[in-house]
Amino acid sequence: MKKQQTANLPDMFAHALEAGFQRVPQHGPEPLAGMAIALSGGLDSSALLHLAHDYAQRKGIALHAFHIHHGISDNADDWLAHCERACAELGVAFEARRVALHNVAASGTEEAARKSRYAALGALCRDHGVKLLLTAHHLDDQAETVLLQLLRGSGTAGLSGMDAANAAPELLANPDLVMARPLLAASRKQMADYVAARGIVHVDDESNRDPRFARNALRHQVMPALAAAFPGFQQRFARSAQHAQSAQRLLTELATQDLADCLDGECLDVGKLRRMSVDRCHNLLRHWFGTRGLRMPSTAWLAEMLVQLLEARPDAQLLVTHPDCDVRRYRERLYLTPKQLDLAGTREEGDEDRPGQGFVWQGEARIAFPAYGGALYFDAVADAVADAVADAGADAAAEPGIDAAWLRGQPLTIDFRKGGEHLKPAANRPTRSLKYHYQARDVPAWERARLPIVFAGQQLLFAAGIGMDWHRLSADAASRIRLRWAAQ
């Protein structure tokens, strides 16, 4: 049986690899011009190196081996040297990259190393024009992954385990790269038998024996007990993962349809959400977060958000915080908005009488106001339309603007609105409160509070999000200016 398993491994690898070719964009069933493997030097990746080398030799495919040096272990330099020698003996192109770990305190060493490793692998593939990256994940890895996700209380997405091939642009920072796992159906024993039969030398990472890491604890303490009580449990876990993958595909298909039905621009129609079951709402909201590249919320957080969303009174200023964004509701629409930084120009309760920031325009095209979160632009009014009409022999009225000569040197003030301000946006439009104009333009309340206004003395000249006040505009001045606000 041992010999049969060992002999079948190259065939299993070849079949899975060729299936992975189909996932590479703009590629058919024929072999790729080049591919790469992730090589740590351990037993699994050493087996992958030899399997990939033999296949590449037969098919005439250029093979690269990429090694990531984390610098965590005292033996890291020796592992790099081993991988370089192993590739030199086979004639495989080799490159290593050293990485530094980030956010270790927040995510832990294991997760920080994983993220750094995959980002570096993605960068190496991009540098070498490689679109298919192979990893040595196998059947036992899949069983460990499914069990870990089960212990974390994951849903179908987590219980799906690892795909045989997938794109992971966020993890790999490379949208053109497909990561394939052609050994996912092979057991750890098959890999060990293959390495032993061929006398392949490999290194041993001592951290793989450290039970403080969750995966190691499962591998050395839980998995042997499962194997003794339930022989062949790995295949059954893998089969369950395939069922979960199928269920997740159906959930994603439903969520895609629901999202298309509920989208209103960049927002969700809350009225349509109300007509869905709670489970269907959760499925849609998770999918929406995923399409926006946001971290997946927990079930408890999602349930609480949905209760607030659907039950808050119609005029409530709903705000639910998420680590990556703010969730807001306005006029029966649900928004995912960037987290807003505090602005120095914002008034605190009790300092309503504090004046805004005074300034003088001296002809600049742009003045930055960091305290108000953006910059004020002074755009010269162009008479292109009027000139075109005049060339045709007709009368034309110039576009109105503020007289630049008057504006220059005028004491000006930029501020956030206090309430009660009014503006006339056009000659044929009545003077209305800023609140009325913002409501008419469907500007959400949280945006209004961060849209500054500009005064000359007590006279309102401009309100961001609305425009110029007509009372101060002129069409006769030789040089005319219109104000424009750009948030930053």
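Rules and cut-offs
- Residues numbered from 1 in each chain as written.
- Predicted model: local features only at pLDDT ≥ 70, side-chain atom pairs only at ≥ 80, totals over all residues.
- Heavy atoms only, no water.
- Phe/Tyr/Trp six-rings, centres within 6.5 Å; stacked < 30°, edge-to-face > 60°.
- Helix = DSSP H or I, 4+ residues; strand = E, 2+ residues; numbered from the N terminus.
- Buried < 20%, exposed > 50% of the residue type's maximum accessible area, 1.4 Å probe, protein only.
- Core = buried A, V, L, I, M, F, W, Y, C linked by side-chain atoms within 4.5 Å.
- pLDDT = per-residue confidence, 0-100.
- Contact = heavy atoms within 4.5 Å.
- Polar contact = N/O pair within 3.5 Å; in protein donor to acceptor, adjacent residues only side chain to side chain.
- Axes fitted to C-alpha atoms, helices over the stretch in contact; angles between N-to-C directions.
- Parallel < 35°, antiparallel > 145°, perpendicular 65-115°, else oblique.
- Left-handed = near helix turned anticlockwise from the far one by under 90°.
- Nonpolar A, V, L, I, M, F, W, Y, C, P; charged D, E, K, R; others polar.
- Pairing = 2+ DSSP bridges.
- Expected span 1.5 Å × (residues − 1).

Peer 1: Would you mind going over the packing of aromatic side chains with me for this structure?
Peer 2: Two aromatic rings, taken as a pair, are described by how far apart their centres are and by the angle between their planes. Under the criterion given, the structure shown has 10 aromatic pairs. Here Tyr-330 and Trp-446 contribute two aromatic rings whose centre-to-centre distance is 6.3 Å and whose plane-to-plane angle is 85°, an arrangement assigned as edge-to-face. Here Trp-446 lies in helix α18 (residues 445-448) and Tyr-330 lies in strand β10 (residues 325-330), a separation of 116 residues in the sequence. The exposure class of Tyr-330 is buried, given its relative accessible area of 9%. On the accessibility criterion, Trp-446 (9% relative accessible area) is buried.

Peer 1: Looking at this structure, I do not really get the nonpolar core. What am I missing?
Peer 2: When a protein is soluble and globular, its nonpolar side chains tend to lie buried together. By size, the foremost hydrophobic cluster in this structure holds 35 residues, and its most contacted members are Phe-13, Leu-17, Met-35, Ile-37, Tyr-55, Leu-132 and Leu-134. For this core, the secondary-structure elements that each account for two or more residues are α1 (2-21), β1 (34-38), α2 (43-59), β2 (62-69), α3 (76-90), β4 (132-134), β6 (178-180) and α9 (188-198). Among the elements that line this core, the one with the most residues is α2, at 7 residues. Residues Leu-412, Tyr-438, Ala-463 and Trp-485 belong to the second largest nonpolar core, which totals 34 residues.

Peer 1: How should the confidence of the model for the protein be read in this particular structure?
Peer 2: Any segment with low pLDDT has predicted coordinates that should not be analysed in fine detail. Of all residues in the protein, 92% attain a pLDDT of 70 or more, and the chain-wide mean is 88. Note that residues 1-7 has pLDDT below 50 and, in this model, 7 contacts with residues that lie over four places away or in other chains. Segment residues 384-395 is flagged for pLDDT under 50; beyond a separation of four residues in sequence, or across chains, it makes 6 contacts in the model.

Peer 1: Before we go on, may I ask you to explain the environment of Ser-160 in this structure?
Peer 2: Among the secondary structure elements, Ser-160 is positioned in the loop between α7 (156-159) and β5 (165-167). Within polar-contact distance, the side chain of Ser-160 engages the backbone oxygen of Thr-156 at 2.6 Å. A polar side-chain atom of Ser-160 sits 3.4 Å from the main-chain carbonyl oxygen of Ala-244.

Peer 1: Just checking my understanding: could you explain the packing of α2 against α9 for this structure?
Peer 2: Packed helices, taken two at a time, are described by the angle their axes make and the gap between the axes. The interhelical angle for the contact between α2 and α9, taken along N-to-C directions, is 65°, at an axis separation of 9 Å. The angle between α2 and α9 places the two elements in the roughly perpendicular class. Two packed elements cross with a definite hand, and for α2 against α9 that hand is left-handed. Contacts between α2 and α9 involve Leu-43, Asp-44, Ala-47, His-50, Leu-51 and Asp-54 on the former and, on the latter, Met-191, Ala-192, Tyr-194, Val-195 and Arg-198. Across the contact of α2 with α9, the residue classes break down as 7 nonpolar, 1 polar and 3 charged.

Peer 1: Explain the sheet that holds strand β15 (residues 402-403) to me, please; I cannot follow it from the model alone.
Peer 2: Working definition: the strands of a sheet are paired by backbone hydrogen bonds and lie parallel or antiparallel to each other. The antiparallel open sheet is built from 4 strands, whose spatial order is β13-β14-β22-β15. The two strands at the open ends of the sheet, each matched to only one other strand, are β13 (366-369) and β15. Two elements, strand β14 (residues 374-380) and strand β22 (residues 480-487), share 7 bridges in a ladder whose sense is antiparallel. When the bridges of β22 are listed, Ala-375 appears paired with Ala-486.

Peer 1: Would you mind going over helix α6 (residues 139-151) with me for this structure?
Peer 2: Think of an α-helix as 3.6 residues a turn; residues three or four steps apart then line up on the same face. Compared with the 18 Å implied by 1.5 Å per residue over 13 residues, the 19 Å span of α6 between its first and last C-alpha is a close match. Across the 13 residues that make up α6, a large majority, 11, are buried. When α6 is considered as a whole, its buried residues turn out to be Leu-139, Asp-140, Asp-141, Gln-142, Ala-143, Glu-144, Thr-145, Val-146, Leu-147, Leu-148 and Gln-149. Where the residues of α6 are buried, they touch α2, α7, α9, α10 (214-229) and α11 (233-262). Positive phi appears at Gly-153, one or two residues downstream of α6, with a value of about 75°.

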